[in-house]
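Chain by chain, the residues:
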Amino acid sequence: MIKVKSVSKKYGDTIALDNVSFSLQPGVIYGFLGPNGAGKTTAMRIMTGYLFADSGSISYESKDLLENKLDISSKIGYLPENNPLYDNMRVDEFLLMINNVKNSDKDDLKKLAVECGLTSVLKKEINELSKGYKQRVGLAKALIGSPEYLILDEPSTGLDPNQKSEILELIKNVGKEKTVLFSSHVLSEVESIADELIIINKGEIVASGKASEISKKHIKGTRIIVESDANLNSFREKLVGNKSIMSIELSSKSKTFNTYEVISTDPETASIDIYKTAVKSKWILRRLNTESNNLENLFKQLTK
Amino acid sequence: MKQTLNITKKELREYFSSPVAYIVIGVFALMIGVYFSRNVFVDNQANLRKLFEFIPLIWIIIIPALTMRSFAEELKNGTLEVLMTLPVTKLQIIFGKFLSNLVIAFFMLLTTLPAFITVNYLGNPDIGQTATAYLGLLLVASVYIIIGLAISLNSKNQIIAFIISSFLLAILYLVGEEDVLKVIPARYHQIMEFIGLGAHFRSIARGVLDSRDVLYYISVMILTFMITLFSFNKIQNKGK
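The sections below set out a description of the structure shown in this document. (Residues numbered from 1 in each chain as written. Chains lettered and ligands numbered in written order. Predicted model: local features only at pLDDT ≥ 70, side-chain atom pairs only at ≥ 80, totals over all residues. Heavy atoms only, no water.)

## Examining the overall build of chain B
Step number 1: When you go through chain B residue by residue, the secondary structure sums to twelve helices and zero strands.
Step number 2: Starting at the N terminus, the α and β elements of chain B follow one another as α-α-α-α-α-α-α-α-α-α-α-α.
Step number 3: The globule rule puts the C-alpha radius of gyration for 240 residues at 18 Å, and the 19 Å found for chain B is close to it.
Step number 4: When its C-alpha atoms are laid out on the principal axes, chain B stretches across 55 × 45 × 30 Å.
Step number 5: Within chain B, the fraction of its 240 residues that count as buried is 51%.
Step number 6: Considering only residue pairs separated by 6 or more positions, chain B has 77% of its internal contacts joining residues 24 or more positions apart.
Step number 7: Approximately 11,000 Å² of chain B is accessible, and the part contributed by carbon and sulfur atoms is 69%.
Step number 8: Side chains of chain B give 20 positive and 14 negative charges; the mean places of these two sets differ by 8 Å. (Helix = DSSP H or I, 4+ residues; strand = E, 2+ residues; numbered from the N terminus. Rg over C-alpha atoms; globule rule 2.2 N^0.38 Å. Buried < 20%, exposed > 50% of the residue type's maximum accessible area, 1.4 Å probe, protein only. Contact = heavy atoms within 4.5 Å. Areas by Shrake-Rupley, 256 points an atom, 1.4 Å probe, with all protein chains shown as cover. Lys, Arg positive; Asp, Glu negative; His and termini not counted. Charge placed at Lys NZ, Arg CZ, Asp CG, Glu CD.)

## Some points on the packing of aromatic side chains
Step number 1: Under the defined criterion, the tally for this structure stands at 16 aromatic pairs over all chains.
Step number 2: For the pair Y60 of chain A and Y149 of chain A, a centre-to-centre distance of 4.8 Å together with 70° between the ring planes defines the contact as edge-to-face. Separated by 89 residues along the polypeptide, Y60 of chain A in strand β4 (residues 55-60) and Y149 of chain A in strand β7 (residues 149-153) bring together distant segments of the chain. By the burial criterion, Y60 of chain A is buried, and Y149 of chain A matches it.
Step number 3: Measuring from ring centre to ring centre gives 5.1 Å for F52 of chain B and Y134 of chain B, while their planes differ by 70°; the resulting arrangement is edge-to-face. Here Y134 of chain B lies in helix α7 (residues 127-152) and F52 of chain B lies in helix α3 (residues 49-77), a separation of 82 residues in the sequence. Here F52 of chain B matches Y134 of chain B in class, with each residue buried.
Step number 4: The rings of F235, Y260 and W283 of chain A are connected pair by pair, giving a single aromatic cluster. (Phe/Tyr/Trp six-rings, centres within 6.5 Å; stacked < 30°, edge-to-face > 60°.)

## Some words on the nonpolar core
Step number 1: Of all hydrophobic cores here, the largest spans 146 residues; its most connected members are M47, Y60 and F94 of chain A together with W59 of chain B.
Step number 2: In this structure W59 of chain B touches F28, P64, A105, M108, L109, L137, V140, A141 and Y144 of chain B, once residues within four positions along its chain are discounted.
Step number 3: Core analysis: the next-biggest nonpolar cluster, separate from the first, contains 13 residues, V226, I248, A270 and I274 of chain A among them. (Core = buried A, V, L, I, M, F, W, Y, C linked by side-chain atoms within 4.5 Å.)

## Notes on the sheet that holds strand β2 (residues 14-24) of chain A
All names here are of chain A.
Step number 1: Strand order in the open sheet made by the four strands is β2-β1-β4-β5, with antiparallel pairing throughout. Only two strands of the sheet have a single partner each, and these edge strands are β2 and β5 (63-64).
Step number 2: The pairing of β4 with β5 spans two bridges and is antiparallel. By the bridge assignment, S59 is partnered in β5 with D64. (Pairing = 2+ DSSP bridges.)

## Some remarks on the sheet that holds strand β9 (residues 196-201) of chain A
All names here are of chain A.
Step number 1: In space, the six strands of this open sheet follow the order β6-β7-β8-β3-β9-β10, with mixed pairing throughout. Of all the strands in the sheet, the pair left with one neighbour each is β6 (76-79) and β10 (204-209). Across the sheet, the axes of successive neighbouring strands diverge by a mean angle of 15°, strand direction being ignored.
Step number 2: In the sheet, β9 pairs with β10 via five bridges, with the strands oriented antiparallel. (Axes fitted to C-alpha atoms, helices over the stretch in contact; angles between N-to-C directions.)

So, in structure tokens, the structure goes:
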């Protein structure tokens, strides 16, 4: 188990992490979500020992990271942000170097090259590779030595859709036995492989747990999108008294139609009421649909 | 030690997979060749002492050209993060890089072998004296390298690392030299000779290995190793 306890970090006057705490269990894939600059990379860098925290501690199986750096580092597979690699080295030389430093079996390296689809580029210099292949090299590097903990900072960046699904499948497979923390901006891929989420915003953890639990806990009401020619005042006036409607907001405006975001505790009743009111008031209703509480909505609401 | 050698191997592979090592060794060999030939054919002096005194001077330019990329490139490309999150200590990283540069310095010294053979053919030099001088040169190279590494770790720009390293080495080497001492009040001579790297090399070049000189080189190396370690901690605190 990885335990991040009350970790804070400042860059000058900017607070990158503010008293952040969470723990990661083995066999669980954690999606680390947050807008740009939320503190994901800083948290991962501190968790791998690259950066020092200003306060707080990181422990792996109750062992303090800084006191047991060498031992713990050999059990971490880390893919840093932007995937820095030694461009002048050949792929096989680079992987072998990491393999030697991690003191792992050479035969496993061959298997890993196959798993990551690198066999055709092993003799090529890293600077000759496409971004997708470079990302695979970075991921293969992280997987060398079959680490117990995988910390991956945006592992699918630069990959085409096919490569992306292959890499995600690979992470999903290895994640069955390991503790995996991976950050991503692509919410659909987090949704497809993460068992649990950790959502960070402005250096603070705003939610953690299973997506459904977070939804229940943090999201009150369901979003209904309404597109109509009704103006904001009359739309609000005629619907605001409705018990199932919590709030109405104008989200966009065009020449003829306005788009409203209606938050409701009972979306079915609210939709019927909106429809009936529109007919009665002779509004044109171009769109009326209830949005499920998916990850995107969750993310938007928690990181506003 | 194994991890240190892994880092050394990685560094050497990088040096020899690009033209850097070949150019540095080539330029060194050329300069040595020209200087030695002039000594032998123009000045009619068939000895290695002048050559040994010349090498630390050209290393002021050549070694920083070698060390400038060591950390500056890793910082610029972000690969220092890769290295520092592997199961290696900071000391192993510094020492691994130090050794790889020392290997290149050793290769440079190997290019002086034709000069040694020529002197042996023309005269009868003292082998012990020559061996002491070579050992002294390796000590000088070690000090230059660790200073170059310390500067490189504090700069993302290789050229800046090169200029600052060369400038610092020039000051450190020349501060106790006779020509410099002439323009300095006599009461400062002792301290300047103590600080000056060149002054400590003078007797080694003559074949005399004084324990005070060796202690000086080792002290400067330890001090600079400490500064490099401190720079690592600074990077880990600042996050840059």
